[in-house]
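Structural description and commentary
As a plain string of letters, each chain reads:
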Amino acid sequence: MSYNLLKGKKGIIFGALDENSIAWKTALRVHEEGGEFVLTNAPIAMRMGNIKDLADKTNSQIIPADATSVEDLDNLVDKAMEILGGKLDFVLHSIGMSVNVRKGNHYTDMNYDFTTKGWDVSAVSFHKTMQSLYKKNAMNEWGSIMALSYIAAQKVFPDYNDMADNKAYLESIARSFGYFFGKEKKVRVNTISQSPTPTTAGTGVKGFDGFIAYADEMSPLGNATGMDCANYIVTLFSDLTKRVTLQNLFNDGGFSNMGVSQQVMEAFVKGKGE
């Protein structure tokens with residue numbers, strides 16, 4: 001159902017790879033709510049996904065950009081404002097990657113070149129994006145900038161590996177840059193800590209099936225879906241949340257405040273008995 005929450009608003013959506021990605025679902029919902037945007041992803045990611053299909057469905061243009069390249073990001077911001085006809089109202093950063101995870105390197109046996117690449121893509125790219133937006137004065141007042149995180153930034157999930165460090169770094173950048181964007185530009189910056197979601201990136205983590213099943217049993221409302229997250233992002237792009245900033249917002253069915261659920265305890269007791 002559309003309420004035209006984003007009618008007249010314009011922005012950039014990073015990271016729409018395929019139909020499973022949260023950025024893809026967000027683009028569809030933003031379009032339904034009347035928002036306009038450009039889509040962007042790294043050229044190599046674009047070759048892997050179906051972003052052209054999404055552009056056709058949402059009547060949007062694609063601007064290829066490597067989010068770790070300041071030059072690419074400056075060009076992205078300039079072209080986005082040119083295509084959309086002015087300053088931006090929203091930006092979604094939905095990018096994450098760990099080469100160590102892809103290569104199967106244990107957290108206690110890191111390749112640090114891979115580690116550096118991972119935090120550049122997953123976290124520092126968020127700073128670079130905001131720095132470009134900030135220096136170019138590209139955001140309208142009361143605009144909204146969002147990034148996607150995960151509770152492993154605060155709690156230990158062993159198989160999440162160095163992505164946990166990347167997400168902690170991402171959340172810190174959101175708070176620190178969000179202060180300056182708020183004070184000087186009246187722009188809000190937040191992260192969403194989402195339930196484990198079967199995206200292309202998420203399913204690449206070792207033991208993901210266990211992650212998602214455990215979280216679902218632990219959460220009073222069950223896991224939040226990718227579309228749940230897209231709907232939440234729409235509210236955070238809208239004027240309904242004009243003074244929500246510097247927050248890491250949990251969209252996880254209550255998982256983040258649970259110690260243990262009855263279902264998990266019963267399964268544990270049953271397993272010990274067997």
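Cut-offs applied
- Throughout this document, residue positions are counted from 1 along each chain, in the order its sequence is written.
- Two thresholds apply to this predicted model, a pLDDT of at least 70 for residue-level local features and 80 or more for giving and counting side-chain atom pairs, whereas whole-chain, interface and lining totals are computed over all residues.
- Note: side-chain values were computed over all heavy atoms of the structure, leaving out hydrogens and water.
- Patch membership requires over 30% relative accessible area and the absence of a salt bridge. Like charges are linked within 9 Å, and nonpolar side chains (Val, Leu, Ile, Met, Phe, Trp, Tyr) within 5 Å.
- Computed by Shrake-Rupley with a 1.4 Å probe, the accessible areas treat only the displayed protein chains as cover when residues are assessed.
- We define a salt bridge as a contact between a side-chain nitrogen of Lys or Arg and a carboxyl oxygen of Asp or Glu at a distance within 4 Å.
- His is not counted, nor are the chain ends; Lys and Arg add positive charge and Asp and Glu add negative charge.
- For the purpose of locating charges, the reference atoms are NZ of Lys, CZ of Arg, CG of Asp and CD of Glu.
- Comment: elements are numbered from the N terminus, with helices defined as DSSP H or I runs of at least four residues and strands as E runs of at least two.
- Working definition: with a 1.4 Å probe on protein chains only, accessible area under 20% of the residue-type maximum means buried, over 50% means exposed, and in between means partly exposed.
- UniProt positions are given in the numbering used here, feature names are shortened, and annotations may be inferred rather than shown by experiment.
- Only heavy atoms matter for contacts: two residues are in contact if any of them lie within 4.5 Å across the pair.
- Under the rule applied, a polar contact is a pair of N or O atoms within 3.5 Å (in protein, one hydrogen donor and one hydrogen acceptor; residues adjacent in sequence only if both atoms are side-chain atoms).
- Every axis in this analysis is a line fitted to C-alpha atoms, fitted for helices over the stretch in contact. Angles between the N-to-C directions lie between 0 and 180 degrees.
- Here roughly perpendicular refers to angles of 65 to 115 degrees, roughly parallel to angles under 35, roughly antiparallel to angles over 145, and oblique to all remaining angles.
- Residues are grouped as follows: nonpolar covers Ala, Val, Leu, Ile, Met, Phe, Trp, Tyr, Cys and Pro; charged covers Asp, Glu, Lys and Arg; every other residue, Gly included, is treated as polar.

Residues Lys183, Lys186, Lys242 and Arg243 make up a contiguous surface patch of positive charge. Among the structural elements, lysine 186 can be located in the loop between helix H7 (163-185) and strand S6 (188-194). A relative accessible area of 40% means that lysine 186 is categorised as partly exposed.

Quick look at the UniProt feature "active site" (unreviewed entry) in the protein now. This chain's UniProt record puts "active site" (unreviewed entry) on Tyr150 and Tyr160. Within the secondary structure, tyrosine 150 is located in the loop between strand S5 (139-149) and H7. Classification of tyrosine 150 by relative accessible area gives buried; the value is 8%. Excluding residues that lie within four positions of it along the chain, tyrosine 150 makes contacts with Phe157, Tyr160, Lys167, Glu171, Ser193, Gln194, Ser195, Pro196 and Phe211.

Attention now moves to the side chain of threonine 129. If you trace the backbone, threonine 129 turns up in helix H6 (residues 112-135). On the basis of relative accessibility, which here comes to 4%, the residue threonine 129 falls in the buried class. Reaching out from threonine 129, the side chain makes a polar contact with the backbone oxygen of serine 125 at a distance of 2.8 Å. Among residues more than four places away in sequence, those in contact with threonine 129 are Phe14, Leu73, Val91 and His93.

This paragraph deals with unusual backbone geometry. For asparagine 4, which is not a glycine, the phi torsion comes out positive at approximately 55 degrees. Take asparagine 4: it is sitting in the segment before strand S1 (10-14). Notably, asparagine 161 is not glycine yet its phi reads approximately 60 degrees, a positive angle. Mapped onto the elements, asparagine 161 comes out in the loop between S5 and H7. Judged by relative accessible area, which is 11%, asparagine 161 ranks as buried.

In this section: the packing of helix H1 (residues 22-32) against helix H3 (residues 51-58). Orientation of H1 relative to H3, taken along the N-to-C sense of each, is 10 degrees, at an axis distance of 10 Å. Relative to H3, the element H1 is oriented roughly parallel. Every residue of H3 that contacts H1 at Trp24, Ala27, Leu28 and His31 is listed here: Ile51, Asp53, Leu54, Lys57 and Thr58. The residue makeup of the contact of H1 with H3, split by class, is five nonpolar, two polar and two charged.

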